[in-house]
Amino acid sequence: MAAKRAERLVNLVFALLGTRQYVSAAKIRATVPGYEPDDGTERADEAFKRMFERDKAELREIGVPLETGRTSIFDTEDGYRIARADYELPEITLTGEEAAAVGLALRLWQSAQLAGAAQSALVKLRAAGVEVDQTRTLPIQPRLDAGEPAFEPCYAAARDRRELAFDYRRPDEPAPTRRRVQPWGVVAWHGRWYLVGHDLDRAAPRVFRLSRVVGTPRATGPAGAFEPPADLDLATVVARSERREEQLVVVRVRPGAAIGLRRHAESLGPAEDGEDRLQLRTTEPWALADEIAAYGPDVLVEAPQRMREAVVQRLTRLAALRASA
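Numbering of residues starts from 1 in every chain and runs along the sequence as written. A pLDDT threshold of at least 70 governs which residues receive local features in this predicted model, and a stricter bar of 80 or more applies before side-chain atom pairs are shown or counted, although totals over entire chains, interfaces and linings include all residues. Only heavy atoms go into the side-chain values, all of them from the structure, while hydrogens and water stay out.

Trainee: So what about the side chain of D199? Which residues, and what values?
Mentor: Runs of H or I in DSSP of at least four residues are treated as helices and runs of E of at least two as strands, each being numbered from the N terminus. Along the chain, the position of D199 falls in strand β6 (residues 192–199). Think of it in three bands: residues with accessible area under 20% of the maximum for their type are buried, residues over 50% are exposed, and the middle band is partly exposed, with areas taken using a 1.4 Å probe on protein chains only. Taking the relative accessible area as the measure of exposure, D199 reaches 0% and is therefore buried. Setting aside chain neighbours within four positions, we find D199 in contact with R179, R180, V181, A204, R206 and F208. Whether two residues are in contact is decided by their heavy atoms, any of which lying within 4.5 Å being enough.

See the structure below:
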């Protein structure tokens, strides 16, 4: 399947999942990116009809429960929707061995990029009444993560209780600084890996995001040089460290664009130029700036100015990289 067609089908599924009413073909054509625009010509109408018929057939073939009907007796034509109850996964049950396997994956996921999905899965399984055993052992050896270069040396140092030295770059600092740490452990939280430990130079506990570690951390000194606190909960320490004041961000989005962004935004109504105004809430402005920049010209930041500048910086760097490629 071509990339453009796959993207169009995904956009169509999101659009039809987001409403309880039946959506007409004309509205789908106007709001879902990828379809032939309505320029008043017969040729464009025929092209849209052929494309839409193929897409409906494709969705039904892969098992998407696409429904046809009318919202009220006053509708003059059929519309379409996807029943969320029929589309979502059924109730999940796990055997004891399967629950232990999930617990093992949560303790040491193979890919850092999937750690957030693992934690989300745990929450959903417990909400459904499925107990996941994170303490039971299995006769298999988990693979260490290769997604973060700093993961393995940090994990090994924490396991062996050896002091660790590395360069660390914070977003608000112009250059990395040297850190000497007694590492207590490595943990995944909200899709990222963190090192928790005692900073020797600052004489206090600290949390370090592994993606901000510069170069390869180096373990020094003998093994067993220290002991972590007896009541240590790594995830709780990270959560407290990463907790920030919630920020409000207002953006303008082209109609039908940035479906992923819309899913966690509040609508503020249309702007004067016809674009949609959305309000986003975030405690991680740097991550939100990355997400907004990924949509390119489809999303424009209105406020605050700091977020607008952060997105512009990311787009400028991307343009420079493409120009030099």
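Still more ground to cover, so stick around.
Trainee: Summarise the sheet that holds strand β1 (residues 23–24); cite the residues concerned and give the values.
Mentor: Taken in spatial order, the three strands line up as β1-β3-β2 in an open sheet, and their pairing is antiparallel. The sheet is open, and its two borders are formed by β1 and β2 (66–69), each paired with just one other strand. Here β1 runs beside strand β3 (residues 79–82); their pairing, made up of two bridges, is antiparallel. When the bridges of β3 are listed, V23 appears paired with Y80. Think of it this way: DSSP has to see at least two bridges between two strands before they count as a pair.

Trainee: If you had to explain the nonpolar core to someone new, which residues and values would you point to?
Mentor: Here, nonpolar core refers to any group of buried Ala, Val, Leu, Ile, Met, Phe, Trp, Tyr and Cys residues whose side-chain atoms link them within 4.5 Å. Among the nonpolar cores identified, the biggest contains 18 residues, and L12, L16, I28, Y35, F52, Y80 and I82 are the most heavily contacted of them. Residue assignment for this core shows that the elements contributing at least two residues are α1 (3–17), α2 (25–31), α3 (42–61) and β3. Residue contributions to this core peak at five residues, all from α1. Listed in part, the 17 residues of the second largest apolar core include A258, A289, A293 and V301.

Trainee: I'd like a rundown of the pairing of strand β5 (residues 177–189), residues and numbers included.
Mentor: Here β5 lies mainly inside the structure; 10 of its 13 residues are buried. Here strand β4 (residues 163–168) pairs with β5 via five bridges, running antiparallel. Note that in β5 the partner of F166 across the bridge is R179. In this structure, β5 lies alongside β6, joined through eight bridges in antiparallel fashion. Considered in β6, the bridge of P183 is made with G197.

Trainee: Residues and numbers for the pattern of salt bridges, please.
Mentor: Salt bridges, as used here, are contacts in which a Lys or Arg side-chain nitrogen is within 4 Å of a carboxyl oxygen on Asp or Glu. Within the structure shown, the criterion is met by 16 salt bridges. Of the charged contacts in the structure, one is a salt bridge between R70 and D78, with a shortest N-O distance of 2.9 Å. What makes R70 partly exposed here is its relative accessible area of 44%. Among the salt bridges present, the one from R262 reaches D276, with a minimum N-O distance of 2.9 Å. Here R262, found in helix α9 (residues 259–262), pairs with D276, found in strand β11 (residues 276–282); they are 14 residues apart in sequence, far enough to count as distant. In this structure R262 comes out as partly exposed when scored by relative accessible area, which is 24%. Residues participating in the shared-partner salt-bridge network are R179, D199 and R202.

Trainee: Let's hear about unusual backbone geometry: which residues, and what values?
Mentor: In the segment running from A303 into P304, the intervening peptide bond is cis, with an omega of 0 degrees. Examined against the element boundaries, P304 turns out to sit in the loop between β12 (299–303) and α11 (305–324). Even without being glycine, R161 reaches a positive phi, approximately 60 degrees. As for its placement among the helices and strands, R161 is situated in the loop between α7 (151–160) and β4.

Trainee: Any chance you could break down the sheet that holds β5 for me, citing the residues and the numbers?
Mentor: Spatially, the five strands line up as an open sheet ordered β7-β6-β5-β4-β8, and their pairing is antiparallel. Edge positions in the sheet fall to β7 (204–209) and β8 (213–220), since each has one partner strand and no second. When strand polarity is set aside, the average angle formed by the axes of neighbouring strands in this sheet is 40 degrees. Where β4 meets β8, five bridges bridge the pair, whose relative direction is antiparallel. Between N-to-C directions, angles cover 0 to 180 degrees, with each direction set by a line fitted to C-alpha atoms, over the stretch in contact for helices.

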